[in-house]
Every structure is written in C-alpha cells, then in structure tokens.
Amino acid sequence: MSQLPIVALVPTGGTIGARGRDRLDLAFYGELDQQHAMEELLEVIPEVRAVARVRPVPFRSAASHALQVEDVLRLARRVVQLVADPSVDGVVVTHGTNTLEETAFVLALVLSTDKPVVLTGSMRPASGLSSDSPINLFNAIRLAAAPGASGRGVLVLMDDTVHSARDVTKASTARLDAFRGAELGPLGFIEPDGSVLFHHRREPWPAEGAFSVSGLAALPRVDVVMSYLGADASLIDASVRAGAAGIVSAGTGAGFPTPAEQAALEAAADGGVVVVQASRTGSGRVGVSPAVMARGIVSAGNLAPVKARLLLMLVLTRTHDPRRVAEYFGCA
Ligand SMILES: NC(=O)C[C@H](N)C(=O)O
C-alpha cells in the first residue's frame, strides 16, 4: 500500500484553536497555545490518520489582528522551506480569520510551488457549540493531501469551500460562510462524501510567485486611506508625514476619491509616494483615467485595498516607477 501524503501543519493562532468559558462563549473567548490546541483538535479528528500523516511545525501564535507584517514574512520563509522539503507533500496553515486573506495573499506572492498550501481557520472556537474548527482543520488537511489540489496556487479552505488566496475575502464578521471569492466565486468544494471537487482554475496573475522573501526582514510603509462623503486631505497628508512610501486609496464606488483627496494624492505622487487607486466596494475592477494615470497614479485592478497594500509593499522593494508598478497590478 502506498504511503499517505505528509502534510506539514503550521499553527499561527486564531479561533480555530481557541477555548471559551463554556459552549456558548462564541465571541470573547481566549486564545490558547496553538501548538497544544492543534494537538487537542487532532485528537478529536482521528479520521485524519486515514488521509495524511500530519507533521506539526511550531510557529509563533497570535490572534490574527495582532500579527505584524514581519510575522507574516517569517511565516512565508518557513513555508518556503517546507515546500522545498522533498518529504513534505502539502502544507496547512491555521490562522485567525480576521486577517487570513492578507497572509494567504502574501504567501501567494512569494511561493512558487505546485505543492498544495492551504490556509484555514474557524468562525467558532474549538470549545463552542457546533464549532467549525474540527471540520475545517480536517478538510484543510484533506485538501492539502489531495492530488487535484496541486498547481492551483495558495488556497483557503473554510466552510467546505475552496477559495483562491488572490480573490478571497472575509465578508462577514461571524457567519460560518464568512469567506467569499467576491465576484469571482469559489474554486471548488469538499463534498459530504469527501470528494475534493474543483470547478474553476484561477487564471495566472502577474505578481503570483513573483517575489522572494529570503533576506526580506521588513517592508516599506504603505497606508490605506478610505474615502467617504466629504473626506478631506488630512489622512493622506498624515500618511505622507508618517513616511509612507506608498498609499492605497480605497476610493468610493468605482474608485473615486473626493476632489480634496485626489489633489492630495496627486501632490503625494509628485513628491515620490507611489499611489495606487482601489475601491472600497470589495468587488470589481477600478479604471484609472489617462489623465490620472499621467499623474503617476496606478490602478489596483480588482485587488481589495488591503491586498493592494501588501503587493505595493513588496513591489516597492524593487521599483518606484509607476509604469513598472502597474505591470505587477496587471494594469499597465
Ligand atoms: N475567527 C477568528 O479567527 C477571529 C480571531 N480572533 C482571529 O484571530 O482573527
């Protein structure tokens, strides 16, 4: 009988390993030592032993809103090492859901591998009534061990649903089906009979696997500034004063900052800050007019503002030229 695949399990924190006061403590539970939490969780899903051999990999754990970009870079370096290890067939990263899409996206920017790398978390603590922790962990391991998951980029598994790291977003604070692929939808599902069924393949995108984390300890500051009715220039000016090398504008609707913000963004771009225009809507592509482009402002395409920020941080380690920046965003 052939050996089961080896799946490395890297716990980084979050609700998936959290324990509340009682089964109805679904909101303000404490976060546990995640290594220990994963051991406990694996004990309640002995079924894992039929799909993969799990290799636990220690990592610093924290609630995901408390993670720093440096933690994500360290995680990325660890995952790069794991996928380079010929004995590892796939990787599962458990993560708090609040920033899971950001970490997943950074991994997609720096990994060049066909091996499945799957992020998962949960919406209800492991101790909660009808917790989704055990099934999400089980399904993530099943996905990372599935031959069909190879070569599909970094994946996110939540609520039986497989999403692409490029497009997924947490679209609800607390629902079990909080994760959505915005207008592009999920890539596939894990069905009740255990089949891992993919229905779509994410088209390759320009920045996928384009960066290396070796030697990258920190990244330049990039801020996100959200537009709203009547917003003035104060937040953009504050960002420039704080030393931002880049600003992502999360504009209204189709990607429009207010006139006061537009003037401040153009002044920032004139001063050498790289400005990327996104939309606060959470879905759809931003078009930037030739006149705005001529001021050096780049479209985020359909990237969510927080993901545009992470991409810009990495791009700024290579270039500040708006035309080259636009190439990474697929908007040249
Ligand atoms: N559902 C969750 O995982 C929320 C959690 N507090 C986090 O670390 O993001």
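Residues numbered from 1 in each chain as written. Predicted model: local features only at pLDDT ≥ 70, side-chain atom pairs only at ≥ 80, totals over all residues. Heavy atoms only, no water.

Which residues make up helix α6 (residues 259–270), and what are the values?
Helix length check: α6, at 12 residues, gives a terminal C-alpha distance of 16 Å against a target of 16 Å (1.5 Å per residue), a fit within 8%. Inspection of α6 places E261, Q262, A264, L265, E266, A268 and A269 among the buried residues, and these make up the whole buried set. The inward-facing, buried residues of α6 contact β11 (222–226), α5 (234–241), β12 (246–251), β13 (274–279), α7 (290–294) and β14 (297–299). (Helix = DSSP H or I, 4+ residues; strand = E, 2+ residues; numbered from the N terminus. Expected span 1.5 Å × (residues − 1). Buried < 20%, exposed > 50% of the residue type's maximum accessible area, 1.4 Å probe, protein only. Contact = heavy atoms within 4.5 Å.)

Give me the lowdown on the domain arrangement of the protein, citing residues and values where you can.
Segmenting the protein into domains produces domain 1 (6–198) and domain 2 (222–328). Between the C-alpha centres of domain 1 and domain 2 there is a distance of 31 Å. Where domain 1 abuts domain 2, roughly 1,100 Å² becomes buried across the two surfaces, and 65% of that area is made up of carbon and sulfur atoms. Of all residues in domain 1, E102, F105 and R166 bury the most surface against domain 2, accounting for 41% of the area lost on that side. Linking domain 1 with domain 2 are 0 salt bridges. Our count for the domain 1 to domain 2 interface comes out at 5 residue pairs in polar contact (both at pLDDT 80 or more). A per-element tally of the side of domain 1 that touches domain 2 places helix α3 (residues 100–110) first, with 6 residues. When its residues are assigned to classes, the side of domain 1 that touches domain 2 shows 9 nonpolar, no polar and 5 charged. (Domains from an automatic or database assignment. Buried area = accessible area lost by both parts, 1.4 Å probe. Salt bridge = Lys/Arg side-chain N within 4 Å of Asp/Glu carboxyl O. Polar contact = N/O pair within 3.5 Å; in protein donor to acceptor, adjacent residues only side chain to side chain. Nonpolar A, V, L, I, M, F, W, Y, C, P; charged D, E, K, R; others polar.)

Can you explain the UniProt feature "active site" (unreviewed entry) in the protein? Please cite residues and give values.
Within this structure's numbering, the places UniProt gives as "active site" (unreviewed entry) are T15. Setting aside residues no more than four positions away along its own chain, T15 makes contact with Y29, E31, S122, M123, R124, P125, A126 and S133. (UniProt positions renumbered as here; feature names shortened; annotations may be inferred.)

I'd love a proper account of the layout of surface pockets, names of residues and values included.
Of the volumes computed, that of the largest pocket is approximately 370 Å³. T15, L26, Y29, M123 and T173 are the residues nearest the centre of the largest pocket, which is lined by 21 residues in total. Residues belonging to the lining of the largest pocket are distributed by class as follows: 8 nonpolar, 9 polar and 4 charged. Within this model, the second largest pocket holds a volume of roughly 300 Å³. Every residue lining the second largest pocket is counted, 24 residues in all, and those nearest its centre are G151, R152, G153, V154 and E208. For the lining of the second largest pocket, a count of residues per class yields 10 nonpolar, 7 polar and 7 charged. (1 Å grid on protein atoms, 1.4 Å probe; cavity = no way out; pocket = protein on both sides within 12 Å on 5 of 7 lines; lining within 4 Å. Points joined across faces, edges and corners; volume = space filled by probe spheres on them.)

Hey, could you go over the sheet that holds strand β3 (residues 90–94) for me, with residue numbers and the actual values?
Spatially, β2-β1-β3-β4-β5-β6-β9-β10 is the arrangement adopted by the 8 strands of the open sheet, whose pairing is mixed. The open sheet is flanked by β2 (53–56) and β10 (196–198), the only strands paired with a single partner. For this sheet the average axis-to-axis angle between neighbouring strands, irrespective of direction, equals 25°. Summarising the sheet, strand β4 (residues 117–120) and strand β5 (residues 155–158) pair through 3 bridges and their orientation is parallel. Bridging from a neighbouring strand, T120 pairs with L157 of β5. Along the sheet face, helix α1 (residues 34–44) touches β1 (6–11), β2 and β3 and points at about 135° away from the line of β1. Each of β1, β3 and β4 touches helix α2 (residues 69–84); the most contacted strand, β3, lies at about 155° to it. (Pairing = 2+ DSSP bridges. Axes fitted to C-alpha atoms, helices over the stretch in contact; angles between N-to-C directions.)

Just give me the short version of the packing of aromatic side chains, but keep the residues and values in it.
Applying the stated criterion to the full structure yields 2 aromatic pairs. Each ring, one from F105 and one from W205, has its centre 5.6 Å from the other, and the planes form 10°; the classification is stacked. Placement of the pair is F105 in helix α3 and W205 in the loop between β10 and β11, with a sequence separation of 100 residues. Accessibility expressed as a relative area gives 0% for F105, which makes it buried. One residue, R152, lies across the ring of F198, its end atom 3.9 Å from the ring centre. Looking at R166, its charged tip hangs above the ring of W205, at a distance of 5.5 Å from the centre. (Phe/Tyr/Trp six-rings, centres within 6.5 Å; stacked < 30°, edge-to-face > 60°. Lys NZ or Arg CZ within 6 Å of the ring centre and 35° of its normal.)

Could you give an account of the side chain of R142, naming the residues involved and the relevant values?
Assignment of secondary structure puts R142 in helix α4 (residues 133–145). For the buried residue R142, which engages in no salt bridge, the nearest side chain bearing the opposite charge is D160, 6.9 Å off. Polar side-chain contacts of R142 include one of 3.1 Å to the side chain of N139. (Lys, Arg positive; Asp, Glu negative; His and termini not counted.)

Go over the site of the ligand with me, naming the residues and quoting the values.
Every residue near the ligand is listed here: G14, T15, E31, A63, S64, G96, T97, N98 and S122. The separation between a nitrogen atom of the ligand and a polar main-chain atom of S122 is 2.9 Å. Relative to its free-state accessible area of 270 Å², the ligand is covered by the protein chains to the extent of 91%. When atom positions are compared with the pocket grids, the ligand is found to occupy the largest pocket. (Near = heavy atom within 4 Å. Areas by Shrake-Rupley, 256 points an atom, 1.4 Å probe, with all protein chains shown as cover. Sits in = over half its atoms within 2 Å of the grid points.)

Outline the packing of α1 against α4, listing residues and values.
Viewed as axis vectors pointing N to C, α1 and α4 meet at an angle of 85°, and their least axial separation amounts to 10 Å. Relative to α4, the element α1 is oriented roughly perpendicular. Contacts between α1 and α4 pair M38, L41, L42 and V44 from the former with S133, P134, L137 and I141 from the latter. Per-class residue counts for the contact of α1 with α4 are 7 nonpolar, 1 polar and no charged. (Parallel < 35°, antiparallel > 145°, perpendicular 65-115°, else oblique.)

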